[in-house]
Amino acid sequence: VAEIADKFPEDELGDVAFQIVENYKELEYSKSRIAIEREKLLQHIHSSEEGICFYTADWRVEFYNGLFMHYLNIMLDEHTSRANSILYDNLFKEMQTFIANPFDQHYFEQKISKQGRIFSLRVNIFEDKSFEIILNDISNEEKTRQIKQEMTNNIAHELRTPVTRVRGYLETLKDTDLAKDKRELFIDRAYIQSLRLSNLIEDVSLLSKIEERESRFTKEPINLKHL
């Protein structure tokens, strides 16, 4: 900075020239930082586990990763190498209508079933009307959710029977003067139903472990021929 300052006259014009050079240096530095951040963003998108594509406000493709095209080709009936195919295929009509007429909304999401798989489609519209489309294969997550929902419904249904019976036995014991053998019979039956309740409660705890199923197995190499 001192060397640059020595090249300008020590007057008002020199001060202005020096400030222009400093502003230029700051601008070049900012441009360099932006380029670095952009490169980091692109690397992140390439390694993302979601398919991502960016579009301009007039629906031109700016950038996309390989996973986006992979998912798009699974969802379309014909193979394509064009990322803007998603903007014109009838499968995505609802999304296309949203992008063309977003009103006050900037976010759109839907699930699409295709080729025996379930995909999540999300759209984010930015302030300048450019937007991004994100595709993700959520088949496994949806299957897990359905299993958990079915188990929850089944368990809720199964819980009613033992709870009702235990309550009935206890109310009878409380309100009725029964013979000793009858009392013991009702107590035994209530105990059996309480065991059934315990088993159902264990099933409920299993729900929280379903998503951890892969981590519950210890993996090691084996000799398949020997096995």
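Residues numbered from 1 in each chain as written. Predicted model: local features only at pLDDT ≥ 70, side-chain atom pairs only at ≥ 80, totals over all residues. Heavy atoms only, no water.

Caption draft 1: Spatial organisation of the packing of aromatic side chains. This structure, assessed with the given rule, holds six aromatic pairs. Plain terms: the ring middles of W59 and F131 are 6.4 Å apart, the flat faces sit at 80° to each other, and that makes the pair edge-to-face. In this pair, W59 sits in the loop between strand 1 (51–55) and strand 2 (61–64) while F131 sits in strand 5 (residues 131–137), placing the two residues 72 residues apart along the sequence. A ring pair is formed by Y169 and F186, whose centres lie 5.4 Å apart and whose planes are at 65°; its orientation type is edge-to-face. One end of the pair, Y169, is in helix 5 (residues 139–175); the other, F186, is in helix 6 (residues 180–207), and 17 residues separate them in sequence. Comparing Y169 with F186 shows no difference in burial state: the two are buried. Through a chain of ring-to-ring contacts, three or more aromatic side chains come together here, namely Y55, W59, Y88 and F131. (Phe/Tyr/Trp six-rings, centres within 6.5 Å; stacked < 30°, edge-to-face > 60°. Helix = DSSP H or I, 4+ residues; strand = E, 2+ residues; numbered from the N terminus. Buried < 20%, exposed > 50% of the residue type's maximum accessible area, 1.4 Å probe, protein only.)

Caption draft 2: Geometry of the sheet that holds strand 1. In space, the five strands of this open sheet follow the order 2-1-5-4-3, with antiparallel pairing throughout. The outermost strands of the open sheet, each flanked by one partner alone, are strand 2 and strand 3 (107–114). Strand-to-strand twist across the sheet, computed as the mean angle between neighbouring axes with direction ignored, equals 20°. Pairing between strand 3 and strand 4 (residues 117–125): eight bridges, direction antiparallel. Bridge assignment links F108 to a residue of strand 4, and that residue is V123. Contacts between helix 3 (residues 66–75) and the sheet are confined to strand 1, strand 2, strand 3, strand 4 and strand 5, with strand 5 contributing the most and set at about 65° to the helix. (Pairing = 2+ DSSP bridges. Axes fitted to C-alpha atoms, helices over the stretch in contact; angles between N-to-C directions. Contact = heavy atoms within 4.5 Å.)

Caption draft 3: Expanded view of the nonpolar core. One finds F68, I86, M95, L121, V123 and I133 to be the most contacted residues of the largest nonpolar core, which totals 25 residues. Breaking this core down by element, the ones donating at least two residues are strand 1, helix 3, helix 4 (93–100), strand 3, strand 4 and strand 5. (Core = buried A, V, L, I, M, F, W, Y, C linked by side-chain atoms within 4.5 Å.)

Caption draft 4: A look at helix 4. Among the residues of helix 4, M95, Q96, F98 and I99 are the ones counted as buried. Buried residues of helix 4, viewed axially, fall in a sector of 160°; they line one side. Contacts from the buried residues of helix 4 go to strand 3, strand 4 and strand 5. (Arc of directions from axis to C-beta.)

Caption draft 5: Local environment of the pairing of strand 5. Burial analysis of strand 5 places seven of its seven residues in the buried class, which makes it a mostly covered element. Alternating positions in strand 5 separate into two faces, F131, I133, L135 and D137 on one and E132, I134 and N136 on the other, with burial throughout. Sheet topology note: the strand 1/strand 5 ladder contains five bridges and is antiparallel. Residue pairing in the sheet places G51 in a bridge with L135 of strand 5. Relative to strand 5, strand 4 runs antiparallel, the two sharing seven bridges. Pairing of V123 across the sheet is with I133, part of strand 5.

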